[in-house]
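Each chain is listed here by its residues.
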Amino acid sequence: MEALQFSRCVGDVLLARWSECSNSTFKALVNSSPFMETILVENEVQQEVKLLDAINDDHEGVIVELNKPINSDDFASMLRASIAQWRKQGKRGVWIKVPIELVNLVEAAVKERFWYHHAEPKHLMLIYWIPECTHTLPANASHRVGVCAFVMNEKREVLVVQEKTGILRGTGVWKFPTGVVEEGEHICDAVVREVKEETDIDTKFIEVLAFRQSHKAFFEKSDLSFICLLQPLSFNIQKQESEIDAAQWMSLDEYVAQPFVQTSELLKYIFDLCLAKIDKTYSGFSPVLTTSNISNENGYLYLNSRDLRSQ
């Protein structure tokens, strides 16, 4: 209690001296006082420091997109002043998009208790939570999305490849074409693209037969993989030289007889599922084009259209 009263007295005395001293004299006077250093920053906010340009987001926060070179010390002052202003306005989350050419500003932001949210090829996103409570900012994307293509011709031969890279490199294992969905790409488009890139086979997307989720798969991220049925529209294979060691049409019996398939519970499930689609009444999920109320952009809803029509 005595320490608090002493600090208040010191603050009152120094504030009284403000009117008698120049700015530089005052700064020299309080340079060693943490309490008055805070007062100085507040005065800078009100009188001297330019604020960062920001736009409001939809969740009572702000977004800052840096686009001009700036000295890191000046940026730190602007950031402190801006946070003080946003706090007065009742803002919550702060998002700062730092382009790769302004990477010199990252250290200053981290010193102000910003942390990394995600990185892209051309920018880094930093975030900060203003309220004195647990933050509710959404986490970075937690999953990578992959596709696996089941393509069978009229001879009941499946399209398979051997990879030049990855864990199956040099093992002689034949597998279905697989790949990763790119940003802004639909699953039904991604799997057609991957088959074309790896084998030069043109296909038509039919259904999502199933999907698998796993964890700790890629840089500690989770993984979603969609097994898709495609109809071949061409049949002459031309393998991708950079990633594929070999590609061919293979009989179902030869494919499933591989020791790698026989010892994999997952691959046996997938194979049985594909056969159920070809020989029985199993129905997967077909894409229906829809529009989102949030983004007003087209997307796909995947559903069991056969059973839906029978209702």
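Heads up: the structure comes first, above all this text.
Everything numeric here is computed off the predicted structure, so don't read it as measured data.

## What to know about the sheet that holds strand β3 (residues 93–99)
Strands sit in the order β1-β2-β3-β5-β4 across an open sheet of five strands; the sheet is mixed. Each having just a single partner strand, β1 (55–56) and β4 (115–120) make up the two edges of the open sheet. Across two bridges, the pairing between β1 and strand β2 (residues 62–65) is antiparallel. In the sheet register, Ile55 faces β2, and the bridge partner there is Ile63. In the packing of helix α4 (residues 72–88) onto the sheet, the strands contacted are β2, β3 and β5 (123–129), and the crossing angle to β3 comes to about 155°.

## Section: the pairing of β2
Burial of the side chains of β2 is restricted to one face: Val62 and Val64 are buried, whereas none of Ile63 and Glu65 on the reverse face is. Bridge count for β2 against β3 is four bridges, and the pairing is parallel. In the strand pairing of β3, Val62 is matched with Val94. Handedness of the crossover joining β2 and β3 through α4: right-handed.

## Digging into the nonpolar core
Within the largest apolar cluster, 25 residues are counted, with the highest numbers of intra-cluster contacts made by Leu66, Phe75, Ile96 and Phe114. Among the elements of the structure, β2, α4, β3, α5 (106–111) and β5 are those that each provide at least two residues to this core. Among the elements that line this core, the one with the most residues is α4, at seven residues. Beyond its immediate chain neighbours, meaning those up to four positions away, Phe75 contacts Leu52, Leu66, Ile70, Ile96, Leu105, Ala108 and Ala109. In terms of nonpolar packing, the next biggest core, distinct from the first, is built from 21 residues, Met152, Leu229, Val256 and Phe271 among them.

## Structural notes on the pairing of strand β9 (residues 203–218)
Across eleven bridges, β9 lies against strand β10 (residues 221–232) in antiparallel orientation. Residue pairing for β10: Gln213 is matched across the bridge by Leu224. Count of turn residues in the β9/β10 antiparallel hairpin: two residues, of which Phe219 carries a positive phi of about 50°.

## Some words on the environment of Leu233
Structurally, the position occupied by Leu233 is in the loop between β10 and β11 (244–251). For the pair Leu233 and Thr203, spaced 30 residues apart in sequence, the C-alpha to C-alpha distance is 5.0 Å.

## Thoughts on the side chain of His118
Summarising the element assignment, His118 is placed in strand β4. At a separation of 2.7 Å, a polar atom in the side chain of His118 contacts the side chain of His117. For His118, the contacting residues outside a window of four places in its chain are His123, Leu124, Met125 and Asn140.

## Details of the side chain of Ser305
Tracing the sequence through the fold places Ser305 in helix α10 (residues 305–309). Engagement of the side chain of Ser305 in a polar contact is seen with the side chain of Ser286, the distance being 3.5 Å.

## With respect to the pattern of salt bridges
Tallied over the entire structure, the rule returns 15 salt bridges. Notably, a salt bridge pairs Glu112 with Arg80, separated by 3.1 Å at the nearest N-O pair. Of this pair, Glu112 sits in the loop between α5 and β4 while Arg80 is found in helix α4, placing the two residues 32 residues apart along the sequence. A relative accessible area of 29% places Arg80 in the partly exposed class.

Conventions used here
- Residues numbered from 1 in each chain as written.
- Predicted model: local features only at pLDDT ≥ 70, side-chain atom pairs only at ≥ 80, totals over all residues.
- Heavy atoms only, no water.
- Pairing = 2+ DSSP bridges.
- Helix = DSSP H or I, 4+ residues; strand = E, 2+ residues; numbered from the N terminus.
- Contact = heavy atoms within 4.5 Å.
- Axes fitted to C-alpha atoms, helices over the stretch in contact; angles between N-to-C directions.
- Buried < 20%, exposed > 50% of the residue type's maximum accessible area, 1.4 Å probe, protein only.
- Right-handed = clockwise from strand over helix to strand, strands pointing away.
- Core = buried A, V, L, I, M, F, W, Y, C linked by side-chain atoms within 4.5 Å.
- Polar contact = N/O pair within 3.5 Å; in protein donor to acceptor, adjacent residues only side chain to side chain.
- Salt bridge = Lys/Arg side-chain N within 4 Å of Asp/Glu carboxyl O.

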